[in-house]
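Summary of structural features
Next come the chains, spelled out residue by residue.
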Amino acid sequence: MSEQIKFIVEQLNKEPFKKTFNLITFDSLEPLQLLQLLNEVLAEIDPKHNIDIREEAPDQTAKRMFSLLGILKYKPPGSASDMSAFRQGLVTGSKPIIHPILHWLLQRTNELKKRAYLARFLVKVEIPADFLQDDVVADTYHQYEELVEGFKTLHRECEQLKNCGFSTAEIRRDINAMEEEKDQLIKRVERLKKRVDTVSNHQRMLEMARQLRVEKEREESLMQQKQEQKNQLFHAEQRLQRAQQQLKDLRQASADAKPESLMKRLDEEIKFNTYMVSDKLPKELDSKKKTVHYLQKVVAEPAMGHSDLSELESKIQEINTQINQLIEKRMMRNDPMDDKLFLFRQQASIISRKKEAKAEELQEGREELSNLEKELAQKTNQARDFDGTEVLKGDEFKRYVSKLRSKSTVYKKKRQELAELRAEYGVLQRTEEILKLRFEAIQQQLQAFEAKHGITGFSDTQEELERVSALKSELDEVKGRTLDEMSEMIKKLNALISEKKTALAPVIKELRPLRQKCQELTQEYEEKKSLYDSCAAGLESNRSKLEQEVQGLREECGQEETRYHYINCLKKIAEKQIQRASDEMKLYVSADPQERRKALREQYNRNILEQENLGKKLREKQKAVRESHGPNMKQVKMWRDFEQLMECKKQCFQRQQHQNSIGQVIQEGGEDRLIL
């Protein structure tokens, strides 16, 4: 409990409540203050509850809090029988009731805010069924339900967008990057336009380029249409092949069939369908209708209590006893004709049950066959979509098997050749290892010979010189080719630079005055911008002051409006009280005794007189009880003593009987027993 209070105090001291509680001050709050604190927490969750409970009736406050807690799905601790205590504690501001509610609300404030917001739109308005008979009301309610469903869809989409991982900062960064790219592209396009403007016949060349692009796009669309037509043709050919294969299978199936067998099969199907339509399905339909009728009957009946259930159980027991009596009477009658008919009936029932079981098995078999056919068609379509080939059947499958066998023989031959090559590779690898060992031995001998004659490293140096000379010759060839290529490239670059210089000379001449003009405009722009910034800052400061004044006036206006409404309500209450007092005065002064009886004073006088009479009777009864209390207690004591005396006599009698039975021989059921 202390942890709970500590958590509540910590949360209330934070935003947005900003309280200054500690454990002692929070625990010393009055019930009305606790209720006001609970109301503030509820107002944070749902702003509609931002009300001062001192200006509200207690029953209205309790009703409002109960409704919001029900919407937020708060479950009070304890069983359902403690609900009255919970309601009473909430109305009176009991700490054991308010503290768990505050703890529950402060634990999940954000979740409850969302639930309260959704409840404003999703909790449907209950309209009596009588009002829904009106067409206008029914249409309006239907539109209201459609709007609720639309709100659900939009809220779900909004939550999905919030949880999809895109943040506003990332989207803003992407937009800024795209705007920068757009500016760069615009500048690039302008530069290219300026370059193109210097070229002669540039309009005609642009038109030709546009026509070329249009023709290329048209060519791409035509190629796409051609590909789609090819795909459609391929699918149509596959459907034709499947239809031809089905026709071929049907012809093969009907080639060996005789008319008698086909007629026999059709007769069996007709008999089965006739049995299903005329016998089995009507019975099932009747049983389903009876079940639905019983269920509707049960739904239409009011809720039953324990007394109703016990009554029904007693009726069931009575009916079961009657059935058992009828069965016993029938068995006692034992008519031989009925016995024979009973055997026939039993055989008929057994046959009918077997028939129904077989019909159900046949129906299940047909359903399973249809499911398997559907699954086969689905698997065939999946296989065809997977590799674009048909599932092989009959002769095609045999040809495929023979082809696979020939390929398997070729595969075995190739595998044998591969094994031989691997063996030869092993031999060659071993030969390479032996040659390497021999080369190392020869190298060692050569090194020993060089060391013996004082020319150590001669062979290594000779090999290195040969390798370096070979590399040098290759590098010389590459350098020669590279120098030739570089000289040709330099010539081309010089020619290109000279061409560009001649082409750019008039542009540079035009650019020089433009640069000077750009500098002048930039300086003028900076001056105008500084003036604009200073003017904007002054206007912004004036605007903020005016906004603050407007906000203060609005708050003052709101306070005055609330005060006006409060005074107006007090005025109306006072008028009602004055009206009530004048009506009471008229009734009290009225000469008509019937009207005078309706006055509150007369009613209260009658109630006081009745209560006084009742109190008088109760006092007389109390007096009689006090007077008879002593004799009655004496009589009770005498009866208790008498009861103890009789109990003592009973025990003495039983003890005497037990002593008398010792040592006697008792004969029971043909046996003698001796009691010791």
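Residues numbered from 1 in each chain as written. Predicted model: local features only at pLDDT ≥ 70, side-chain atom pairs only at ≥ 80, totals over all residues. Heavy atoms only, no water.

Looking at an unreviewed UniProt entry, one finds the chain named Intraflagellar transport protein 81 homolog, with Chiloscyllium punctatum as its source organism. The UniProt entry for the chain carries the following text under Sequence similarities (unreviewed entry): "Belongs to the IFT81 family." Recorded in UniProt under Subcellular location (unreviewed entry), the annotation for the chain is "Cytoplasm, Cytoskeleton, Cilium basal body". (UniProt positions renumbered as here; feature names shortened; annotations may be inferred.)

Overall, the coordinates contain 12 salt bridges when judged by the stated rule. A salt bridge links R115 to E111; its shortest N-O distance comes to 3.1 Å. A residue pair is termed a helical-turn pair when its members lie 3 or 4 positions apart in one helix, as R115 and E111 do in helix α7 (residues 109-122) at four residues. For the salt bridge of E361 with K358, the shortest nitrogen-to-oxygen distance reads 3.8 Å. Taken together, the positions of E361 and K358, both in helix α13 (residues 336-387) and three residues apart, correspond to about one turn of that helix. Owing to a relative accessible area of 48%, E361 belongs among the partly exposed residues under this scheme. Accessibility expressed as a relative area gives 56% for K358, which makes it exposed. (Salt bridge = Lys/Arg side-chain N within 4 Å of Asp/Glu carboxyl O. Helix = DSSP H or I, 4+ residues; strand = E, 2+ residues; numbered from the N terminus. Buried < 20%, exposed > 50% of the residue type's maximum accessible area, 1.4 Å probe, protein only.)

Right, let's get into the confidence of the model for the chain. For the chain, per-residue confidence averages 80 on the pLDDT scale, and residues scoring 70 or more make up 88% of the total. Strand β1 (residues 665-668) is the least confidently modelled element of the chain, averaging 50 in pLDDT, while helix α17 (residues 600-660) averages 88, the highest of any element. (pLDDT = per-residue confidence, 0-100.)

We describe a pair of aromatic rings using the distance from one ring centre to the other and the angle between the two ring planes. Applying the stated criterion across every chain, the model contains four aromatic pairs. Ring geometry for W639 and F642: centres 6.0 Å apart, planes at 85°, overall edge-to-face. With W639 and F642 both in helix α17, this residue pair falls three residues apart, about one helical turn. What makes W639 exposed here is its relative accessible area of 55%. The exposure class of F642 is partly exposed, given its relative accessible area of 43%. (Phe/Tyr/Trp six-rings, centres within 6.5 Å; stacked < 30°, edge-to-face > 60°.)

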